[in-house]
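For reference, the chains in residue letters:
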Amino acid sequence: MSEISQTTSNSLAKAIALAAAFLFLYATVLAKLGRDWWSDENYSHGLLVPFVIGLIVWREWDSLKKSVNDPAKWLGIIAIFLAILMLFGGVLGSELFTQRISMVLMAAGVIVYFFGIRIINLLAVPFVLLLLAIPIPQIIFNRIAMPLQTYASQMAVWGIRLFSVPTVRKGNVIDILPRGSTQTISLEVVEACSGIRSLMTLVTLALILAYFTRRDESGRIANFSTADFIRAVILMIAAVPIAVLTNAARVTGTGVMTYYYGKQATEGVWHDASGWLVYLVALVLLFAVNLVLKKILNRRDAEKVEEKRSGGVGEIVSPTDARVPAAWGLVIILVLSGVAINWFANRAEIAVPRTSLATFPPTLGDWKQKGNDIKFEPGIENVLGTTDYTMREYTAADGRIANIYVGYYASQRAGATYHSPQNCLPGAGWVLKEPQYITVTTADGRTFTANRYIIENGVFKEVMIYWYQGRGHIEASEYRDKINTVFDSVTRRRTDGAMVRVMTSVGSDETASLAAASDLAARLAEQLPPYVPE
């Protein structure tokens, strides 16, 4: 065998080994991401993203070869080890987003390690497309979805009233009384109708559209000329109002149809067909905005950029190059990291003895339980994913009524975790106001910090206190609680915990209602350890 063919064989063997090590390290991450693409309508566009990335790499192959320069080994090593740490923390903290971002960072680190930093500029669009296909954390997703749902609801109500249809909006719920009926129908503007689902796809398509309609294909900013780059940014931003407006129009149409035809207008063929129609309209608007931007921004001559060439033009540097002798070392690092992370991920958690919340005391100081425990509908229970929960009402000696909720999770490693009231209550029409941290003091003198909100829904106004408790920690911040979960997963093999909430009516005296809620919160926290173990 000639020296050239032997070198080629060694290069191929090391490339295959490196790819296999990468897949071994991120096998579970890739499998879960693929399942989410298949089942989550918000990110179904992710199924097409790998093919689009492959097309871009194939089209730019010659440019990629010419952009190879000296390996940035130290920068690559830093990125690779940071990615491993992120993956380790994400696995232990059950944070899928961190694991997936780690995968993107690892890919970038490997490329920089072998082929230098310049090539990343040409691969910027594929990397951004991959990031857009990664589901964002539920905390952030809900922060985006809730305002969009509110905007869609407000615009839909305005549109419905243009057709002289009487309607009342309560948060994201629109009440309509069909013509000739005596019972109202409530339309809930969920994520699918708020524009969040089409938004993620539209932003991705905006970038793809801008990339494949470039006038100058040799630009210096992510392979965009300045004019094309500005157009891509504006187009991606424009996807947001397009998604919200088109979906508000869908809700408007559904509301008007509900007025004339009743509940059948909110389900079945009409509802599904309207979803596809709205999506097609959004695409047409996106293409129209792109054409307008091209005419405006390309009136000037397209920017011409001379490519800088560095040694080995037309020859891509392989991991077997003498400048990069540690290809097998990197393979070993990835494999060992995969073994260690999988061992921690599959390590059994400690089963902590606890008492069922069904037996939670009916008396908390001067507070006494009113009625039986309140149960959610099965669908809501599935969304919450709790191991155990209790929701019930208590009455004080002065007749005040308060509601408590404790949702316990035996393990958060599989992805089931707390649902913050900031994310759940607005969907039911509640408006959260006056956020504050307050100090709650128990009877034995212990203190902890909790969140306090004034929440309103129509004529109802209540004070709400909530916190996160478990494994000996009580935190107001879900982010600090997540950090505690990572450390406890490593050091104590535990990720159990609970979200605890207290609500009571403000009435005519806000100060008195806050004092009552704080008292019940203190009584509740005192009794929780047998049910939420420390």
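Residues numbered from 1 in each chain as written. Predicted model: local features only at pLDDT ≥ 70, side-chain atom pairs only at ≥ 80, totals over all residues. Heavy atoms only, no water.

Peer 1: Could you give me a rundown of the pairing of strand β12 (residues 497-505), with the residues and numbers involved?
Peer 2: The element β12 is largely enclosed, with a buried count of 8 among its 9 residues. Two strands pair when backbone bridges link them, and strand β7 (residues 401-409) and β12 are joined in this way by 8 bridges, in the antiparallel orientation. Directly across from N403, in β12, lies its bridge partner M503. Here 8 bridges tie strand β10 (residues 460-470) to β12, and the two strands are oriented antiparallel to one another. (Buried < 20%, exposed > 50% of the residue type's maximum accessible area, 1.4 Å probe, protein only. Helix = DSSP H or I, 4+ residues; strand = E, 2+ residues; numbered from the N terminus. Pairing = 2+ DSSP bridges.)

Peer 1: Got a sec to walk through the pairing of β7? Specific residues and values, please.
Peer 2: Burial runs high along β7: 8 of the 9 residues are buried. Relative to β7, strand β6 (residues 388-395) runs antiparallel, the two being bridged by 8 bridges. By the bridge assignment for β7, R392 is matched with I404. Count of turn residues in the β6/β7 antiparallel hairpin: 5 residues, of which G399 carries a positive phi of about 90°.

Peer 1: Explain the pattern of salt bridges residue by residue, including any values.
Peer 2: For the coordinates displayed, the defined rule picks out 15 salt bridges. Linking D228 and R231 is a salt bridge whose minimum nitrogen-to-oxygen distance equals 3.0 Å. Remark: R231 and D228 occur in helix α12 (residues 226-261); sequence separation between them is 3 residues, near one turn of the helix. Taken as a pair, D228 and R231 share a single burial class, namely buried. One continuous salt-bridge network, built from bridges that share partners, spans K32, D36 and R100. (Salt bridge = Lys/Arg side-chain N within 4 Å of Asp/Glu carboxyl O.)

Peer 1: Could you give an account of the packing of aromatic side chains, with specific residues and numbers?
Peer 2: Applying the stated criterion across every chain, the model contains 12 aromatic pairs. Ring centres of F114 and F115 lie 6.2 Å apart, and the angle between their planes is 50°; this geometry places the pair in the tilted category. Ring geometry for Y466 and Y468: centres 6.1 Å apart, planes at 90°, overall edge-to-face. With respect to class, Y466 is no different from Y468; both count as buried. Through a chain of ring-to-ring contacts, the aromatic side chains of Y113, F114 and F115 assemble into a single cluster. (Phe/Tyr/Trp six-rings, centres within 6.5 Å; stacked < 30°, edge-to-face > 60°.)

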